[in-house]
Amino acid sequence: MNNELINFDKNTGVFHLSNNEISYIIKVEQGDVLAHVYFGKKVDQYNDHHNYPRRDRGFSGNVPGQNERAYSKDTLPQEYSSHGSMDYRVPASIIRRENGANLTDFRYDSYEITPGKPTLEGLPSAYVLDENEASTIMVTLKDRFDDIYLDMFYTIYSNRNVIARSINIRNLTNASLSLEKIASMQLDLTHSGIYQDVLSLPGALTRERQMNREKISTGVKRFESRRGASSHQMNSFIALLGADANEFDGEVIGVHLVYSGNHCFELEVDQINQIRLIAGINDYNFTWKLKSKENFQTPEVLLAYSDSGLNKMSNTFHDLLRERVARGEHQFSERPILVNNWEATYFDFSDEKIEAIVDEAANLGIEMFVLDDGWFGHRNNDDSSLGDWFEFEGKLKKGLKGVSDYVHQKGLKFGLWLEPEMISIDSELYENHPDYLMQVPGREPSPSRDQHLLDMGRKEVRENIQKQIERILDSVDIDYIKWDMNRSMSDAYSIGLESQQQGETAHRYILGVYELMENLTQKYPKILWEGCSGGGGRFDAGLLYYMPQSWMSDNTDAVERLKIQYGTSVAYPVSAGTAHVSAVPNHQTGRMTSLKTRGDVAMSSILGYELDLTTLSEKEKKEISNQIIFYQDLRQLVQYGDFVRLKSPFEGNTTSWLFVSKDKSDVLLFVGRTLANAQPEFNEVRLKGIAEDFLYENQETRDVYSGTELANIGIYYPDFYGDFQTKLIHFKKIEGK
Ligand code: DGJ
């Protein structure tokens, strides 16, 4: 066991979690209230001098049993607040007893330190491969009067700037409890003066994960999803930044919730300008009946600390999510370059059309063909057949197996689209099992894209879908699945639950989806599973545990993609998201961009194509095969190297990012300028994150640069002419002369 990572001083009641870079300090305060002392840069030795000052704040009452007017839970920074016992800030939990009371008063009970990191039952989480990688402390709080226990888990990794937290609540009373809110973590910052800004990733369908930085101000601000999924509208991630923090300097705390359902981050500035952050399952439309002797596990939160700006925080998350959240055979594999027929044909395809695309794909060097929506039931548009996961007889004369065989004979892999969580009214599944559709009895459910959610919380529903999918996967040779999900949750109600349990429906839905994903991904480990939700509507750390990549956005416009990919990189590694070159005028925006620009942007991600290859000119074909050769050579660097944001498309007309291999010998720079003007400024960019003591050679011009020159003087952008211009510049380390 890595004993040095967690230390408890019995005399002071201080728990100190630390590695070479970070410290997290907790203290059992007066009256056994568990106080937060510090989270940030490593403190070599903490001698218990940062005790919370005492002051009578009036109207902020006192801790029962302490008889001390200057000591109040209303101001004390705590690890997990109680509700109703004079802490008026946003509570981390609200727990109602059978008598109607919802007062709790949690006090320190005990602790246990274990090597490694436990997994979370039924939920995704970060993991360890070796027990020496991390240590975990479980600090248990107990309600002062009732046998309600909160086991609070904190894991510290030895070589990552990360603390993982979650809560397991145990009901050892003889009656049921109603959990009305049970957050995964609370962070009461003691240095509120430092963290003055909050960065979130809001968006919309086709405009996901836009960077939004704002001042943390008085009152409570919620960053949340109420849509049943982590959502296009507000990603399940936020970061707190020092006022002067930027990409390379200043203090940043990043917070990822490893969960794909309704989430909420509440940020409160209290009466004396202290900050409280609560993160977890959204309490909106949530209750959970916790029966006697049962427990409830919250999702996990991952906290990352950076002392040198946002890029370092992102890199900490990139490594963690890639190395210790994503799993499976494709976790580190070079992802295939695919062509997807969606924007090429939509629902209107035939064997001939598909085979023609596949032929062309093979000529161009594309590595996988993906058959998207429309191959099942009797689906020729989006108003039918979801839930009928059997072939649409006659649509593909040679059948799915015929397509798969054809694709494989051509030397490509074969991928298929599914939307397992849905039901169309016009389907055999609905005819046979109308009760599978999630709806409130006696009311007409709200359609969205003419489809409805299945009640994935029910076992028989999941089993039906699993069997159908297995039948396909067992009869057709399939290398890749795109798991789509194309609506938000409404009509949340489950006939499998009693009336007081209806508030469990949304969370049970996600638990059910996770179970189905786990069953299928474990049973078919060779398949590359790609998540999707109308693009990036469920692009979160939880999903990554099951599927190593997700379709980032339904927006394939190269210019809009700059922001989407830049914003996504704040919280997610490049290996987590995919980007496609599509046709122009772009189907979402109508914009014309060159094939080069579309290629450069998509090659900055997991590259794919999504256009009718049979309509390309010879010149375009040549250009695409060159893109493919270029990308194949560089994809290891792009997908698994470090990603550095240099110039933000949210701040101006230019965009730059950089890929740097772990040994820093290989560097790929992306530069882009959005709009042209007649008297342009000369744009320059400095390459950060490279090795300053290396010599680098530009692979196109053969010019040699010292690392210090690239990092400190930088280079000029090419003299772009016209709108939407981009360039990828590849540098390689050379030995010094
Ligand atoms: C939404 C996805 O994001 C698209 O790529 C496509 O698969 C459609 N669904 C198909 O219905």
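Residues numbered from 1 in each chain as written. Predicted model: local features only at pLDDT ≥ 70, side-chain atom pairs only at ≥ 80, totals over all residues. Heavy atoms only, no water.

Asks: Would you take a moment to explain the sheet that holds strand 2 (residues 14–18) for this structure?
Replies: In sheet architecture, strand pairing relies on hydrogen bonds along the backbone and comes in two forms, parallel and antiparallel. Spatial strand order, 1-2-3-4: 4 strands in an open sheet with antiparallel pairing. Taken across any chain shown, the strands that pair with only one partner, and hence form the sheet edges, are strand 1 (6–9) and strand 4 (34–41). Mean inter-strand twist for the sheet, computed between neighbouring axes without regard to direction, equals 15 degrees. One ladder, built from 7 bridges, connects strand 3 (residues 22–28) with strand 4; its direction is antiparallel. When the sheet's bridge partners are listed, valine 28 is paired in strand 4 with leucine 34. (Pairing = 2+ DSSP bridges. Helix = DSSP H or I, 4+ residues; strand = E, 2+ residues; numbered from the N terminus. Axes fitted to C-alpha atoms, helices over the stretch in contact; angles between N-to-C directions.)

Asks: Help me out: how do you make sense of the site of the ligand in this one?
Replies: Taken together, 13 residues form the shell around the ligand, and within it Asp372, Asp373, Lys482, Asp484 and Asp554 come nearest. Take glycine 535: an N or O atom from its main chain is 3.0 Å from an oxygen atom of the ligand. Between the ligand and aspartate 554 there is a distance of 2.4 Å, counted from an oxygen atom to a side-chain nitrogen or oxygen. Here the ligand loses 98% of its free accessible area of 290 Å² to cover by the protein chains. (Near = heavy atom within 4 Å. Polar contact = N/O pair within 3.5 Å; in protein donor to acceptor, adjacent residues only side chain to side chain. Areas by Shrake-Rupley, 256 points an atom, 1.4 Å probe, with all protein chains shown as cover.)

Asks: Would you take a moment to explain the UniProt feature "active site" (unreviewed entry) in the chain for this structure?
Replies: The feature "active site" (unreviewed entry), as annotated in UniProt, sits at Asp484 and Asp554 in this numbering. With the annotated positions falling across 71 residues, the maximum pairwise C-alpha distance of 11.4 Å places them together in a single cluster. Along the chain, the position of aspartate 484 falls in the loop between strand 27 (480–483) and helix 7 (505–523). Residue classification places aspartate 484 among the buried residues on the basis of a relative accessible area of 6%. Aside from chain neighbours lying at most four places away, what touches aspartate 484 is Trp417, Leu418, Glu419, Pro420, Glu421, Cys532, Ser533 and Gly534. Within polar-contact distance, the side chain of aspartate 484 engages the side chain of tryptophan 417 at 2.8 Å. Among the secondary structure elements, aspartate 554 is positioned in the loop between strand 29 (549–551) and helix 9 (558–571). Apart from residues no more than four positions distant in its own chain, aspartate 554 is found in contact with Thr206, Glu208, Glu343, Gly534, Gly535 and Gln588. (UniProt positions renumbered as here; feature names shortened; annotations may be inferred. Buried < 20%, exposed > 50% of the residue type's maximum accessible area, 1.4 Å probe, protein only. Contact = heavy atoms within 4.5 Å.)

Asks: Would you mind going over the pattern of salt bridges with me for this structure?
Replies: One side chain can pair with another of opposite charge once the charged atoms of both are near each other. Evaluated as defined, the whole model comprises 61 salt bridges. Of the charged contacts in the structure, one is a salt bridge between arginine 327 and glutamate 518, with a shortest N-O distance of 2.7 Å. Taken together, the positions of arginine 327 in the loop between helix 1 (309–324) and strand 22 (338–340) and glutamate 518 in helix 7 put the pair 191 residues apart, joining distant regions of the chain. Looking at arginine 327, the relative accessible area reads 19%, which means it is buried. Classification of glutamate 518 as partly exposed rests on a relative accessible area of 25%. (Salt bridge = Lys/Arg side-chain N within 4 Å of Asp/Glu carboxyl O.)

Asks: Any chance you could explain a negative patch on the surface here in plain terms?
Replies: Residues Asp383, Asp426, Glu428, Glu431 and Asp450 make up a contiguous surface patch of negative charge. Given the relative accessible area of 65%, glutamate 431 is considered exposed. (Patch = residues over 30% accessible without salt bridge, like charges linked within 9 Å, V, L, I, M, F, W, Y side chains within 5 Å. Lys, Arg positive; Asp, Glu negative; His and termini not counted. Charge placed at Lys NZ, Arg CZ, Asp CG, Glu CD.)

Asks: Help me understand the packing of helix 1 against helix 9 in this model?
Replies: In a packed pair of helices, the relevant descriptors are the angle between the two axes and the axis-to-axis distance. At their nearest, the axes of helix 1 and helix 9 sit 6 Å apart, and the two run at 75 degrees to each other. Taken together, helix 1 and helix 9 sit at an angle that is classed as roughly perpendicular. Taken together, the residues of helix 9 that come into contact with helix 1 (itself represented by Met313, Ser314, Phe317, His318 and Leu321) are Ser569, Val570 and Ala571. Class assignment for the residues of the contact of helix 1 with helix 9 results in 5 nonpolar, 3 polar and no charged. (Parallel < 35°, antiparallel > 145°, perpendicular 65-115°, else oblique. Nonpolar A, V, L, I, M, F, W, Y, C, P; charged D, E, K, R; others polar.)

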